[in-house]
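A look at the structure
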Amino acid sequence: MPILRTSRAQHKAGNLTLGTLLAGLGERSFGWAIVVFSLLTLLPLPPGSSLVTALPVLFTTAQMMVGFPHVRLPGPVARVKIDQQKLRRTLLGLRPVTRRLENTLRPRLVAIFAPRHEPLLGLALFIIAFALFLPIPGSGWFPAISLFVVGVGLVERDGVVTVLGLAFGAFSVFLTVAILMSLANGAEAMIG
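What counts, and at which threshold
Residues numbered from 1 in each chain as written. Predicted model: local features only at pLDDT ≥ 70, side-chain atom pairs only at ≥ 80, totals over all residues. Heavy atoms only, no water. Helix = DSSP H or I, 4+ residues; strand = E, 2+ residues; numbered from the N terminus. 1 Å grid on protein atoms, 1.4 Å probe; cavity = no way out; pocket = protein on both sides within 12 Å on 5 of 7 lines; lining within 4 Å. Points joined across faces, edges and corners; volume = space filled by probe spheres on them. Nonpolar A, V, L, I, M, F, W, Y, C, P; charged D, E, K, R; others polar. Expected span 1.5 Å × (residues − 1). Buried < 20%, exposed > 50% of the residue type's maximum accessible area, 1.4 Å probe, protein only. Contact = heavy atoms within 4.5 Å. Core = buried A, V, L, I, M, F, W, Y, C linked by side-chain atoms within 4.5 Å.

Let's shift gears to the environment of Gln-84. Relative to the elements of secondary structure, Gln-84 occurs in helix H7 (residues 84-93). Between the C-alpha atom of Gln-84 and that of Leu-16, which follows or precedes it by 68 residues, the distance is 7.6 Å.

This part covers empty space enclosed by the protein. With the rule as written, the count across this model stands at one cavity of 30 Å³ or more. What lines the largest cavity is a set of 13 residues, among which Glu-27, Met-64, Glu-118, Leu-154 and Arg-157 lie closest to the centre. Of all the secondary-structure elements, those providing two or more residues to the lining of the largest cavity are helix H3 (28-41), helix H9 (118-133) and helix H10 (141-156). In terms of residue count, the dominant contributor to the lining of the largest cavity is H3 (three residues). Here the lining of the largest cavity is composed, by residue class, of eight nonpolar, one polar and four charged.

What follows covers helix H5 (residues 55-66). Taking 1.5 Å per residue as the helical rise, H5 with its 12 residues ought to reach 16 Å, and the 17 Å between its terminal C-alpha atoms agrees with that figure. Along H5, the residues that are buried comprise Val-57, Leu-58, Thr-60, Thr-61, Gln-63 and Met-64. On its buried face, H5 sits against H3, helix H4 (50-53), H9 and H10. Just downstream of H5, Gly-67 is the residue with a positive phi angle, here 95°.

Turning to the nonpolar core, a few remarks are in order. Core analysis: the biggest nonpolar cluster contains 29 residues, and Met-64, Val-71, Leu-125, Leu-147 and Leu-154 have the highest contact counts within it. Sorting the residues of this core by element identifies H3, H5, H9 and H10 as the ones contributing at least two each. Among the elements that make up this core, the one with the highest residue count is H9 (seven residues). Setting aside residues no more than four positions away along its own chain, Leu-154 makes contact with Gly-31, Ile-34, Met-64, Phe-113, Leu-121, Leu-125 and Thr-162.

Treat this as a map of the structure, not an account of what it does.
See below:
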C-alpha cells in the first residue's frame, strides 16, 4: 500500500506530518485526500455541517484544477504530526475492505489521468464538491458518495471507476439544482 510505504520512509527520516505524507504520495495525494475528506462529510453530523466538512474537498479539488503537483495544506494543518503506528493499525484494520477493492480495481482507461486532463477533472470535482458544500436537505449524500468513488478511482488509477463516480456526481449536481429550483419556486409562491 503506497500510503504505508511513504509513511514508513518518512517516519524513519523523522519528518512524518500530514503535509509531508501527502507530498510524498505525489499526484495520488489528490485521490487520498478526496477519499478521506468525502468520508468526513458522510458522518452523521447535524444539518448544515457540510458548510464546514466540505471545505477541505473544495480546497483539494481547486488545487487539482489549477495544476498543483500534490495537495498542499495550510501551514498549521500540514505540520500536524502523525503517529506512524496508529496510521499503520488503522490502515491494516481496513485491509479486509481494501483487499476486496484491490481485487476489483485495476489500472484501466488511464488516459483520463494524463496531466493535460487534470484541470478538467479538477473542475468537474470542484463542481461536485460545491454541490456538497451547499447545505441543502437531502442532497449531500450523493455528491459525497460520488467524490468517494472518484477518489478511489484516482488512487487505484481505475478510469472506469472514476468515470462512474463522475457520472454519479453529474446526477448529484442535477439533483442539487432541481432541489434549489424547487425551493426557490416554493418561496416565490409563498411570497406571491
